[in-house]
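Read off the chains here:
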Amino acid sequence: MSPPFGWWDKKAHRGTPVIVKMENPNWSISEISSPDDADEYGIGAGAGAGEEFAAAGRGPRKGARVKNAKQITWVLLLKAHRAAGCLTFLASAAVGLASAVRRRVASGRTDSDTTSSSDEESPVLRSRFYSCIKAFLWISVVLLSLEIAAYLKGWHLTAWEIQPLVLPSSFGVRGFLESLYTGWVRFRVEYVAPPLQFLANACVILFLVQSADRLILCLGCFWIRFKGIKPTPKGAIGASKDLESGGEDYPMVLVQMPMCNEKEVYQQSIAAVCNLDWPRSNILIQVLDDSDDPTTQTLIKEEVEKWQQNGARIMYRHRVIRDGYKAGNLKSAMNCSYVNDYEFVAIFDADFQPAPDFLKRTVPHFKDNEELGLVQARWSFVNKDENLLTRLQNINLCFHFEVEQQVNGVFINFFGFNGTAGVWRIKALEDAGGWLERTTVEDMDIAVRAHLKGWKFVYLNDVECQCELPECYEAYRKQQHRWHSGPMQLFRLCLPDIIRSEIGFWKKSNLIFLFFLLRKLILPFYSFTLFCIILPLTMFVPEAELPAWVVCYVPATMSFLNILPAPRSFPFIVPYLLFENTMSVTKFNAMISGLFQLGSAYEWVVTKKSGRSSEGDLISLMKKEPMQQRGASVPNFEAIAKEEPRPQKESKKKHNRIYRKELALAFLLLTASARSLLSAQGIHFYFLLFQGISFLLVGLDLIGEQID
């Protein structure tokens, strides 16, 4: 006899026992098998019951699982709990981010709040440039309001054919707006769109030319790697036994360390230079201190005296009249009478720490190569992973050294001297006219003049010298301003000399068109004009168009090529692309000031150092086996380790710098992105949106460290 239908149905829908684990914001369900599991598949109640239930049309299919409402309710509740936990986390993160932004902005100072005239660019130039950007911003806001009103009314927005609107008989507010919008559409089609499209096409051509140059450089770098091309010295340094007496295999080397108020890094740099593996009798170290802070002067002088007592040939020089910045400092040091006894000079900035074998790997390239004037080493960075700003700088500089310097050094024997981590033949410096204080890029100046005299350069990609990257945006911005205004000053001064020089036609063309015009002038010009001005304007003047491949595909490809020398930085390819366009404002401003000799072109600000590589890094060298040689300059690491640490000063209060030009451009781009929604331009919208956010973050100084 079969059991009652209601009882069987209740047993069949009992469900699977479960264990519910709730961990905010995650959850999980574990099933427990039981003897009653067979009931859930309709096979455990006897044949009669199964036949009767199946005949009634209510039984589950064979092998089908039956879930009860209670279990489904638990699952839905747990999913809702998880979603609520995620929303709570996102809300708390957003509140925390907003609070951090509010605090940093509250402590911020605008870029017009300067303490000295040399701390920023010219106030006149700054106000003019800022006024132009503000004018673009206000025009875009007015146009956006007009376009939104037209869109809501269903008026004509974009087309080459103007469909005149039928004006109402009454001359009310609506009639005035309709006539105003019709007049604007006709005006932009006839007078605004043609010149804007012409300027856009010109910038696109420059963009493609510069991209082709970048691609050729990458192909050259690939060829160098594929063929294993590497500069090899014609001679070699003698055996280590010559270190005691020097010998002719060890030429006389002068080491210069220019510095100015850089008390964060002087100790480790002096120690690293004093540890160079070279005969004591054949090396002299000049610490060229231009500090105007008496405390810093005293500290550096004491450090030099300490190394003198340890046996190093090192001397301290301080100028009374500090003219010409770094070039004037080096020029003054080269005028010393004892410099005539030396054949080569190695230059290291205050934050550079060469390896002990630096001279042994660079000086041999000069042997039996009388045409060689410079050997340049590569930079490596001790703080490249410190924050997002240093990571993005590392991408740029890796491409510069791995691709630009290496390709130019191998194929044309010329590149710009990087100002440090290089060894010069003193005869080449004198033949080129010595150090000149006429620009803020004295390193590029001396390199160009030496190239015009016929001297050749060698770049060693496998010889690295450690240094620091700027960790705050303010320091990086000032550095980039100097690096991009100086070449334009130099181009104006050197152009007549390049034309009159006796070097070949192709070398002259390379200097004028590639080295100066394409890579120093055209790059910042089109980058700022195309992506920060023309692209937003095309949203309000849709008759002038920029194709999607210009906005997205070509920039993405170029960013991909730039990031190849630093493969670990691939996750930052999108921030890198956006940040490079953001920096185009500073670079364009610097290029204009250098080209037209504006006030800010001649301002020199020492890049702020943080001293990331401290004495602890030098003490760690004790674990390795140092080269202990009689007659060589060997540092006393034990003395450094046992030395009592100096009392730490109270930390200075940090603040943010608010950059008005970047903020104005941020709102301009965000306004243009809102306008692009009316035209349903997907790629343009996303590019303008994220580029505007990038300008906003930089304008609020939310990238990098805060300023002391």
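Residues numbered from 1 in each chain as written. Predicted model: local features only at pLDDT ≥ 70, side-chain atom pairs only at ≥ 80, totals over all residues. Heavy atoms only, no water.

## Thoughts on the overall build of the protein chain
Next up, step 1: Helices and strands together make up the secondary structure of the protein chain, namely 20 helices and 12 strands.
Next up, step 2: Split into buried and exposed, the 708 residues of the protein chain put 49% on the buried side.
Next up, step 3: Counting only contacts in the protein chain whose residues sit at least 6 apart along the sequence, the fraction spanning at least 24 positions is 81%. (Helix = DSSP H or I, 4+ residues; strand = E, 2+ residues; numbered from the N terminus. Buried < 20%, exposed > 50% of the residue type's maximum accessible area, 1.4 Å probe, protein only. Contact = heavy atoms within 4.5 Å.)

## Here's the deal with helix H16 (residues 573-595)
Next up, step 1: Look at H16: 31 Å from first C-alpha to last across 23 residues, which is about the 33 Å you get at 1.5 Å a residue.
Next up, step 2: The largest bend in H16 amounts to roughly 30° and is located at Ser-584.
Next up, step 3: Across the 23 residues that make up H16, a large majority, 18, are buried.
Next up, step 4: Following H16 by one or two positions, Gln-597 has its phi on the positive side, about 55°. (Expected span 1.5 Å × (residues − 1). Bend = angle between axes of the 7 residues up to and from the residue.)

## Structural notes on the UniProt feature "transmembrane region" (unreviewed entry) in the protein chain
Next up, step 1: Per the UniProt annotation, the sites labelled "transmembrane region" (unreviewed entry) are residues 521-540 and 683-703.
Next up, step 2: Spanning residues 521-540, this segment combines 100% helix with 0% strand, and its end C-alpha atoms are found 28 Å apart.
Next up, step 3: As annotated, residues 683-703 has a helix share of 81% and a strand share of 0%, and its two end C-alpha atoms lie 25 Å apart. (UniProt positions renumbered as here; feature names shortened; annotations may be inferred.)

## Brief notes about the nonpolar core
Next up, step 1: By size, the foremost hydrophobic cluster in this structure holds 86 residues, and its most contacted members are Ile-270, Leu-359 and Trp-424.
Next up, step 2: Per-element accounting of this core gives the leading share, seven residues, to strand S11 (residues 456-467). (Core = buried A, V, L, I, M, F, W, Y, C linked by side-chain atoms within 4.5 Å.)

## Here we look at the packing of aromatic side chains
The way to describe two aromatic rings as a pair is by their centre distance and the angle between their planes.
Next up, step 1: Using the criterion set out here, one finds 27 aromatic pairs in the structure.
Next up, step 2: Between the aromatic rings of Phe-415 and Phe-457, the centroid separation amounts to 5.6 Å while the plane-to-plane angle is 65°, which identifies the pairing as edge-to-face. Of this pair, Phe-415 sits in the loop between helix H10 (388-411) and strand S10 (422-425) while Phe-457 sits in strand S11, placing them 42 residues apart in sequence. For the pair Phe-415 and Phe-457, one class covers both residues: buried.
Next up, step 3: Ring centres of Phe-525 and Phe-588 lie 6.3 Å apart, and the angle between their planes is 35°; this geometry places the pair in the tilted category. Note that Phe-525 is positioned in helix H14 (residues 505-540) and Phe-588 in helix H16, a separation of 63 residues in sequence.
Next up, step 4: In this arrangement the basic side chain of Lys-520 is found over the ring face of Phe-515, its NZ or CZ atom lying 4.4 Å from the centre. (Phe/Tyr/Trp six-rings, centres within 6.5 Å; stacked < 30°, edge-to-face > 60°. Lys NZ or Arg CZ within 6 Å of the ring centre and 35° of its normal.)

## Description of the environment of Leu-206
Next up, step 1: Turning to its location among the elements, Leu-206 is positioned in helix H5 (residues 173-227).
Next up, step 2: In sequence terms Leu-206 and Phe-525 are 319 residues apart; their C-alpha atoms lie 9.3 Å from each other.
Next up, step 3: With residues near it in sequence (within four places) discarded, Leu-206 still touches Ile-522, Phe-525 and Tyr-526.

## Quick word on the packing of helix H12 (residues 442-452) against helix H13 (residues 473-500)
Next up, step 1: The geometry of H12 relative to H13 is characterised by a closest axis approach of 11 Å and an angle of 15° between their N-to-C directions. Here H12 lies roughly parallel to H13, going by the angle between them. With respect to the hand of their crossing, H12 and H13 are arranged in right-handed fashion. From H12, Met-444, Asp-445, Val-448 and Leu-452 reach across to H13, where they touch Pro-487, Leu-490, Cys-494, Asp-497 and Ile-498.
Next up, step 2: Class assignment for the residues of the contact of H12 with H13 results in seven nonpolar, no polar and two charged. (Axes fitted to C-alpha atoms, helices over the stretch in contact; angles between N-to-C directions. Parallel < 35°, antiparallel > 145°, perpendicular 65-115°, else oblique. Left-handed = near helix turned anticlockwise from the far one by under 90°. Nonpolar A, V, L, I, M, F, W, Y, C, P; charged D, E, K, R; others polar.)

## A look at the pairing of S11
Where a strand is regular, its side chains alternate between the two sheet faces.
Next up, step 1: Pairing of strand S8 (residues 353-354) with S11, which is carried by two bridges, proceeds in the antiparallel orientation. When the sheet's bridge partners are listed, Gln-353 is paired in S11 with Gln-466. (Pairing = 2+ DSSP bridges.)

## Topic: a nonpolar patch on the surface
Next up, step 1: Together, Phe-222, Trp-223, Phe-226, Ile-229 and Phe-411 make up an exposed nonpolar region whose accessible area comes to about 560 Å².
Next up, step 2: Ranked by the residues each element gives to the nonpolar patch, the list is headed by H5, at three residues.
Next up, step 3: By the secondary structure assignment, Trp-223 is in helix H5.
Next up, step 4: Judged by its relative accessible area of 41%, Trp-223 falls in the partly exposed class. (Patch = residues over 30% accessible without salt bridge, like charges linked within 9 Å, V, L, I, M, F, W, Y side chains within 5 Å. Areas by Shrake-Rupley, 256 points an atom, 1.4 Å probe, with all protein chains shown as cover. Salt bridge = Lys/Arg side-chain N within 4 Å of Asp/Glu carboxyl O.)

## Description of the packing of H16 against helix H19 (residues 660-678)
Relative orientation and spacing of two packed helices are given, respectively, by the angle between their axes and the distance between those axes.
Next up, step 1: Following both chains from N to C, one finds H16 and H19 inclined at 125°, their axes separated by 10 Å at the closest point. For the element pair H16 / H19, the angle class is oblique. As H16 packs across H19, the resulting crossing turns out to be right-handed. Residues Val-585, Thr-586 and Asn-589 of H16 form the contact with H19, whose participating residues are Lys-661, Glu-662 and Leu-665.

## A short note on helix H15 (residues 548-563)
Next up, step 1: Here H15 contains 16 residues, and its C-alpha end-to-end distance of 22 Å stays within 8% of the 22 Å for a straight helix at 1.5 Å per residue.
Next up, step 2: Taken as a whole, H15 has its buried residues at Val-550, Val-551, Val-554, Pro-555, Met-558, Ser-559, Leu-561, Asn-562 and Ile-563.

## Quick notes on unusual backbone geometry
Next up, step 1: The backbone of Tyr-325 shows a phi angle near 55°, a positive value even though the residue is not glycine.
Next up, step 2: One can find Tyr-325 in helix H8 (residues 325-334).
Next up, step 3: One non-glycine residue, Asp-701, lies in the positive phi region at around 60°.
Next up, step 4: Note that Asp-701 resides in the segment after helix H20 (682-699).

## Some details on the side chain of Gln-406
Next up, step 1: Secondary-structure assignment places Gln-406 in helix H10.
Next up, step 2: Gln-406 sits in the buried class, given a relative accessible area of 12%.
Next up, step 3: Within the structure, the side chain of Gln-406 is placed 2.7 Å from the backbone oxygen of Glu-402, a separation counted as a polar contact.
Next up, step 4: When near neighbours in sequence (up to four residues on either side) are disregarded, Gln-406 contacts Cys-221, Ile-224, Phe-401, Tyr-459 and Asn-461. (Polar contact = N/O pair within 3.5 Å; in protein donor to acceptor, adjacent residues only side chain to side chain.)

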